[in-house]
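Spelled out, the chains give:
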Amino acid sequence: MGAKRLAFVTLLILLGLGWGVGRLFQPETYSIHSAQFEDAESTLPALQLVPGEARRPNIIVILADDLGYGDVGSFGGTVIETPHMDQLAAEGMRFTSAYSSAPVCSPSRAGLLTGRYPLRSGIMQAMQAAGDSLERRLSLRAGMGMANLGSLDMRGGPNMVNGLPSSELTIAEMLQQAGYRTAAFGKWHLGDFTQWIQYHPYNHGFDHFVGFNMSNDDWPVAFYRGEEKVLEDIGLEQERYTALFTEEAVKFIEGAKGEPFFVYLSQKDPHQPFFPSERFAGKSAGGPYGDAVSEFDWSVGEIRAALERLGIADNTLLLVTSDNGPWYEGSSGGLRGRKGQSYEGGFRVPLLAWWPGSIEVASTETTPGMNIDFLPTFAALAGVQPPEDRTVDGRDLSPLLLGRAHALSDRPLFFFHDYDVEGVRAGDWKYLATSSHYVWPNPLDKQDTIAGSIQASRGYSPPGSKDSIPALGYWPLLYNVKRDPLEAYNVAKTSPDQRERMARILNQFKTEFYADPRQLSAVPAGE
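Rules used in this analysis
Along each chain, residue indices are assigned from 1 in the same order as the chain's sequence is written. In view of the model being predicted, local features appear only for residues whose pLDDT reaches at least 70, and side-chain atom pairs are presented and counted only at 80 or more, with totals across whole chains, interfaces and linings using the full set of residues. Excluding hydrogens and water, the side-chain values take into account all heavy atoms of the structure. By the criteria applied, helices consist of DSSP H or I runs no shorter than four residues and strands consist of E runs no shorter than two, each listed in order from the N terminus. Radius of gyration here uses only the C-alpha atoms, and the compact-globule reference equals 2.2 Å multiplied by the residue count raised to the power 0.38. Relative accessibility decides the category of a residue: with a 1.4 Å probe and only protein chains considered, values under 20% of the type maximum give buried, values over 50% give exposed, and everything between is partly exposed. The criterion used for residue contact is that any of the two residues' heavy atoms lie within 4.5 Å. Computed with the Shrake-Rupley method and a 1.4 Å probe, the accessible areas treat only the protein chains shown as cover for residues. Under this rule, positive means Lys or Arg and negative means Asp or Glu; His and the chain ends count for nothing. Think of each charge as sitting on NZ of Lys, CZ of Arg, CG of Asp or CD of Glu. A pair of strands is labelled paired if DSSP reports no fewer than 2 bridges between them. Here an axis means a line fitted to C-alpha atoms, over the contact stretch when the element is a helix, while the angle between two N-to-C directions is reported on a 0 to 180 degree scale. By convention in these notes, a salt bridge is any Lys or Arg side-chain nitrogen within 4 Å of a carboxyl oxygen on Asp or Glu.

As a further point, take the overall build of the chain. Tallying secondary structure elements over the chain gives 12 helices and 16 strands in all. In terms of C-alpha radius of gyration, the chain reaches 24 Å, essentially the compact-globule figure of 24 Å for 527 residues. Taking the principal axes of the C-alpha coordinates as reference, the chain spans close to 90 × 55 × 55 Å. By residue count, 56% of the 527 residues in the chain fall in the buried class. Considering only contacts within the chain whose residues lie at least 6 apart along the sequence, 73% involve residues at least 24 apart. About 21600 Å² of surface is accessible on the chain, with carbon and sulfur atoms providing 54% of the total. Of note, the chain has its 46 positive side-chain charges centred 6 Å away from the centre of its 63 negative side-chain charges.

Turning to the sheet that holds strand 14 (residues 420-426), a few remarks are in order. Taken together, four strands build an open sheet; the order of strands is 13-14-15-16 and the sheet is antiparallel. Edge positions in the open sheet fall to strand 13 (413-417) and strand 16 (477-480), since each of these has one partner strand only. Neighbouring strand axes in the sheet, compared pairwise and without regard to direction, differ in orientation by 20° on average. Where strand 15 (residues 429-432) and strand 16 come together, four bridges link them in antiparallel fashion. The residue bridging Trp429 from the neighbouring strand is Asn480, located in strand 16. Where helix 12 (residues 496-515) meets the sheet, its contacts fall on strand 13, strand 14, strand 15 and strand 16, and the angle it forms with strand 14 comes to roughly 130°.

Summed over the entire model, instances satisfying the criterion amount to 21 salt bridges. A salt bridge links Arg225 to Glu248; its shortest N-O distance comes to 2.7 Å. Within this pair, whereas Arg225 is found in strand 6 (residues 223-225), its partner Glu248 is found in helix 6 (residues 241-254), the two being separated by 23 residues in sequence. With relative accessibility at 36%, the residue Arg225 sits in the partly exposed group. A relative accessible area of 8% places Glu248 in the buried class.

Structural measurements only, silent on function.
Structure, rendered in structure tokens:
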């Protein structure tokens, strides 16, 4: 071979290798592009008020960070004492099939506040701090490469946006139009407003804010009062903030003076690293994590006590839940999987509803629900017509809360992982087309990666036979989660009718979703 030809072949090989390596760092986004989420100057819809039967209660959402389904006594927890949440369960309602809208924090919060699946906002993983170090940025890119090889399960790469788009309507913006005062306390994590002020809670419908820009481990973590940066970085001195945010919420409630209000109290607990105050440190049988859960439980009790002291408990709906399942510590209550997975342990969360005189005492609701249901539920209670210029994926849960007839049992709920819609629950059945079969973040035999496909192909086919047996797991996964909540038994082979029905539901939704993920056109809410 001549020198020129050798050089040409060598160049082709190098180009091919370069293209292959480059592909490793390309995320799998299922043809979703960042341009779809660019906000032109947008005006949020003017919502129609629906007077008459609207009850206009005060509304409080207390959100834990990484609290497991099995960490709360009334959900079967036995290690950590949670007397205040248990009292809410004894006097209110437990939702035993409640889900977050994502198995990680930022997208779950986007879903809660907008009533829409988080990817409609361009958010599918934890938002990154604007001041992230070069080392952390490079580690994210390296993670994407390893994910495409199959070493990690994070193929989606970065979010499509730097924060919650201004065109998304939040619960706070909706309730403002109904005359509610609104406040957010604690962790925001929907855009680092230290650099991009458009993501500040003030620009998403909140009248009052005291809290952090990011998660408590996204250093530097800034502490704000309103738009004033009080601290550049809270560092490791975090013990005081659970009580501080609780006290700020109580002061806001006291200052409402009879006006309806919405409080979003998003505590840092029990997200790691754990920094309980001196009052709780070392007191729980659950170690530092248990101490953080105990302090969160105390915060719930303080809010409840304030409502009773002020004589407004009968006109206040209080919801307590978590943004996703437990991470390195905490209990999933025996459910399979943890934070980051589409199994029940990643998505299923405790949810308590307390409204004296309106919610039946010590009631249990088994109907599946999701935090995307909060917005349409609050709209119904406040007498607001949900927006008609966008798809609202959530449904009104007020019939469940108030003991009325409903038709919510079989509506499908979808499970997103990165940019993929991995599965669906409808009624008692849950179907996963693909997922991390083993423990996240190791996909092992997940077939949308190189290594996963190789591992999945390690089956056996007898000579001359067209049949083959996989060496690892079968796909898809089908569970009857009423009978088998631990997702221990895949019945896809023995329940073909259910398997095909669930596959049709999932595939139809995926086709419609990927055709127009934002769906900001005039589509009736809930359709």
